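The chain contents come next:
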Amino acid sequence: MVEKVKFKVFRYRPEDGGKGFYKEYEVPVKKGMTILDGLIYIKENIDPTLSVRYSCRMAICGSCGVRVNSLETLACHTQVLELKRRVIRVEPMRNYPLVKDLVTDMTPLFRKQKALMTWLIRQDNVEQENPTKQYLQSEEELERYLQFTYCIQCGLCYSACPVVSTFPDFYGPQPLMKAYRYYADSRDEGGEERVRLVDRFEGVWRCHFAGSCSAVCPKGVDPALAIQLLRRSALKG
Amino acid sequence: MLARGVSRSSVIQSLKVMLIPGRYGLERWSYVLQRVSGVVVSLYFIAHVLETGNFVGGITVWSVPDYSFAERAYEETVKLLKNPIFDAGLAVVGFLVALHTINGIRLVLAHFGFSLGRPRRPEPFSPPPSFSSKQRALFWLSISLAVFALLYTLDSLMKVFRP
């Protein structure tokens, strides 16, 4: 059965320089159709000027992050009929510079990730160049960081964070969670250096535990938990 | 006056994000209540110090006035403040002080990593470990005690629960 649902989509053209506006589109919807399907329908049949970023369409790549009815979600991961609304408001993510319509510039997120050295740090450079052994981990050591590896870097948590909104220098949930992911990894040797990087005003101390990051994560990752654990490590020194 | 690079619309947007909990859940409500109660209690504290400072001569406190001045200032202040609007305001302050204190203890515990769950593999439809039942119980405890403080203050000032 096909239903008509109104999509109220945020439109922004950088060349106009204005604040942006909402434009309404009527979209025929059937069971199983996602928000992304609706946006693609609009682009293909009603308004080809609409810009939306997407790739895999199966909640793997994390490209299609948007705000649907004031809540961050992946457009490909949200079914229209499950929302049980006749009007659906689709907006770009917050806390990122806007490129056009629903497309945001993710540079701040990746810049902060880089600043926190979110990669495995090892001291044995010779071994890394010419590996001769494996790095075994127990089940317990794996559990310590495994849940944080499910992050697909969609940036929804960064958009939902009220602290980033009020204090843009805050590293934000995803980069700090990523820092903890490597800090908790038994193979990593960057412990003290990592804690030094996050032990600052714009680091772990600025998180107020609003929990919105964990509430919106489409992969069930818990950045709020990672930040509190990182803060405990910073307190221990 | 706004700092360079900060527009009025961005300040309004930030305030909206800070003050409207939206659909993010209980933890976001806790965040908003903690911020609002912190600001209100700080403003109340400043007003309270100014008000009680009048009894001893306000900013001329270092040359202490005679007792009759303090008595007169006290009587005038009591007369000004003794009305249902200020009493209701004090009851709200009682609520906010209790909430900020007890919820603050919950947050300090969380910041030290206590009362949170352990990292575990994500499972569909299960809440994240940081939204542990202990954390939520502590939040509702802080709300309950804050409501008790509100009722107790109302009863002390306006005797609403006495025959």
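Refer to the structure presented above.
These figures come from a predicted structure and were not determined experimentally.

### Details of the pattern of salt bridges
Residue and element names in this part refer to chain A.
- Taken as a whole, this structure holds 20 salt bridges over all chains when the rule is applied.
- Linking R122 and D124 is a salt bridge whose minimum nitrogen-to-oxygen distance equals 2.9 Å.
- Across the pair R122 and E189 runs a salt bridge, and its minimum N-O distance is 3.5 Å. Placement of the pair is R122 in the loop between α2 (107-115) and α3 (125-129) and E189 in the loop between α7 (173-183) and α8 (191-198), with a sequence separation of 67 residues.
- Among the residues examined, E189 registers a relative accessible area of 35% and is labelled partly exposed.
- Within this structure, R11, K23, D47, K100 and D101 form a network of salt bridges that share partners.

### Details of the interface of chain A and chain B
- Across the contact, 38 residues belong to chain A and 28 residues belong to chain B.
- Taking both partners together, chain A and chain B bury about 2900 Å²; carbon and sulfur atoms supply 60% of that area.
- Where chain A touches chain B, the interface holds two salt bridges.
- A salt bridge links E143 of chain A to R121 of chain B; the shortest N-O distance between them is 2.9 Å.
- Between the two partners, chain A and chain B, sit 14 residue pairs in polar contact (both at pLDDT 80 or more).
- Mapped by element, the contributors of at least two residues to the side of chain A that touches chain B are β3 (65-68), β4 (71-74), α4 (139-146), α6 (162-166), α9 (212-216) and α10 (223-236) of chain A.
- Partitioning the side of chain A that touches chain B into residue classes produces 17 nonpolar, 11 polar and 10 charged.

### What about the state of the cysteines?
Residues and elements named next belong to chain A.
- With the rule as written, the count across this model stands at zero disulfides over all chains.
- C157 supplies the cysteine sulfur nearest to C151, a cysteine that is in no disulfide, at a spacing of 6.3 Å.
- Exposure remark for C151: the relative accessible area of 17% places this residue in the buried category.

### Digging into α7 of chain A
- Counted residue by residue, α7 of chain A has 10 buried out of 11 residues, so it is predominantly covered.
- Within the sequence span of α7 of chain A, burial applies to P173, Q174, P175, L176, M177, K178, A179, Y180, R181 and Y182 of chain A.

Conventions used here
Residues numbered from 1 in each chain as written. Chains lettered and ligands numbered in written order. Predicted model: local features only at pLDDT ≥ 70, side-chain atom pairs only at ≥ 80, totals over all residues. Heavy atoms only, no water. Salt bridge = Lys/Arg side-chain N within 4 Å of Asp/Glu carboxyl O. Helix = DSSP H or I, 4+ residues; strand = E, 2+ residues; numbered from the N terminus. Buried < 20%, exposed > 50% of the residue type's maximum accessible area, 1.4 Å probe, protein only. Contact = heavy atoms within 4.5 Å. Buried area = accessible area lost by both parts, 1.4 Å probe. Polar contact = N/O pair within 3.5 Å; in protein donor to acceptor, adjacent residues only side chain to side chain. Nonpolar A, V, L, I, M, F, W, Y, C, P; charged D, E, K, R; others polar. Disulfide = S-S within 2.5 Å.

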